[in-house]
Amino acid sequence: QRQLVESGGGLVQTGTSLRLSCVASGFPLEYYAIGWFRQVPGKKREGIATIGSAKGRTNYADSVKGRFTISRDNDENSAYLQMNSLTPEDTAMYYCAIMDGSPSFKEELYKFWGQGTQVTVSS
């Protein structure tokens, strides 16, 4: 059974860091581009970081550029999101997802999603 499982979320203070993990099972993650998205209740889901399958080219939303780093470890069938200098505006449910082809921030292109991990940043 295919699964993407996010973990690493939690309640942290402003200025601190978290590292989210996205572990795939039931399929090889290496063939897919990976995106990290986040969503606040009542708002549209926002794509924040992507990484390609082949050369691992990364792309970031302006809201997280310079603070967040996406990476992948195909041997571990996993992807990661290192989040530094967190602010209350980063509070959201964070999701990883996979897609074929070149990565995109368009969520409709992603074929499979994890259940999410909650990140809450207190001021």
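The structure we're discussing is the one just above.
None of the values given here were measured: they were computed from a predicted structure.

Colleague: I would appreciate a short explanation of the packing of aromatic side chains in the present structure.
Modeller: By convention here, two paired aromatic rings are described through the distance between centres and the angle between planes. Summed over the entire model, instances satisfying the criterion amount to six aromatic pairs. Taken together, a centroid distance of 5.7 Å and an interplanar angle of 80° make the contact between Phe27 and Tyr32 edge-to-face. Of the two residues, Phe27 and Tyr32, both sit in the buried class. Among the aromatic residues, those joined into a cluster by ring pairs are Phe37, Tyr95, Tyr110 and Trp113. Between Arg45 and the ring centre of Trp113, over which it is positioned, the NZ or CZ distance is 3.8 Å.

Colleague: Hey, could you run me through the pattern of salt bridges in this one?
Modeller: Side-chain pairs of opposite charge can arise whenever the charged atoms involved come near each other. Evaluated as defined, the whole model comprises seven salt bridges. Note that Arg38 is salt-bridged to Glu46, the shortest N-O span being 2.9 Å. The shortest N-O distance in the salt bridge between Asp62 and Lys65 comes to 3.3 Å. Taking relative accessible area as the criterion, Asp62 reaches 67% and is therefore assigned exposed. A single network of salt bridges, built from pairs that share partners, joins Arg38, Glu46, Arg67 and Asp90.

Colleague: Please clarify how unusual backbone geometry should be interpreted in this entry.
Modeller: Excluding glycine, residues mostly have negative phi values, and the peptide bonds linking residues are mostly trans. With a phi close to 55°, Asn77 is a non-glycine residue in the positive phi region. Note that Asn77 resides in the loop between β7 (68-73) and β8 (78-83). A relative accessible area of 16% places Asn77 in the buried class. Residues other than glycine seldom take positive phi values, yet Ser85 does so here, at roughly 50°. As for its position among the elements, Ser85 is in the loop between β8 and β9 (92-99).

Colleague: How should the pairing of strand β5 (residues 46-51) be read in this particular structure?
Modeller: Sheet faces and side chains relate simply in a regular strand, where the side chains alternate between the two faces. Within β5, five of the six residues are buried, which leaves it mostly tucked inside the rest of the structure. Two elements, β5 and strand β6 (residues 58-60), share three bridges in a ladder whose sense is antiparallel. Its bridge partner being in β6, Ala49 is matched across the sheet by Tyr60. Joining the antiparallel neighbours β5 and β6 is a turn of six residues, in which Gly56 adopts a positive phi near 70°.

Colleague: Explain the state of the cysteines here, please?
Modeller: What is meant by a disulfide is a covalent connection between two cysteines, made through their sulfur atoms. Summed over the entire model, instances satisfying the criterion amount to one disulfide. Between the sulfur of Cys22 and that of Cys96 lies a disulfide, 2.0 Å long from S to S. In this structure, the disulfide formed by Cys22 and Cys96 twists by about 70° around the S-S bond and is classed as right-handed. Of this pair, Cys22 sits in strand β3 (residues 18-25) while Cys96 sits in strand β9; the two residues are 74 residues apart in sequence, bridging distant segments of the chain. Comparing Cys22 with Cys96 shows no difference in burial state: the two are buried.

Colleague: Where do I start with the sheet that holds β3 in this structure?
Modeller: To summarise the sheet geometry, strands pair through backbone hydrogen bonds and adopt either a parallel or an antiparallel arrangement. Read across the sheet, four strands follow the order β1-β3-β8-β7 without closing on themselves; strand pairing throughout is antiparallel. Pairing within the sheet leaves two strands with one partner each, and these edge strands are β1 (3-7) and β7. Strand-to-strand twist across the sheet, computed as the mean angle between neighbouring axes with direction ignored, equals 15°. When β3 meets β8, the two strands line up antiparallel, connected through six bridges. Paired with Ser21 across the strands is Tyr80, a residue of β8.

The rules behind these values
Residues numbered from 1 in each chain as written. Predicted model: local features only at pLDDT ≥ 70, side-chain atom pairs only at ≥ 80, totals over all residues. Heavy atoms only, no water. Phe/Tyr/Trp six-rings, centres within 6.5 Å; stacked < 30°, edge-to-face > 60°. Buried < 20%, exposed > 50% of the residue type's maximum accessible area, 1.4 Å probe, protein only. Lys NZ or Arg CZ within 6 Å of the ring centre and 35° of its normal. Salt bridge = Lys/Arg side-chain N within 4 Å of Asp/Glu carboxyl O. Helix = DSSP H or I, 4+ residues; strand = E, 2+ residues; numbered from the N terminus. Pairing = 2+ DSSP bridges. Disulfide = S-S within 2.5 Å. Axes fitted to C-alpha atoms, helices over the stretch in contact; angles between N-to-C directions.

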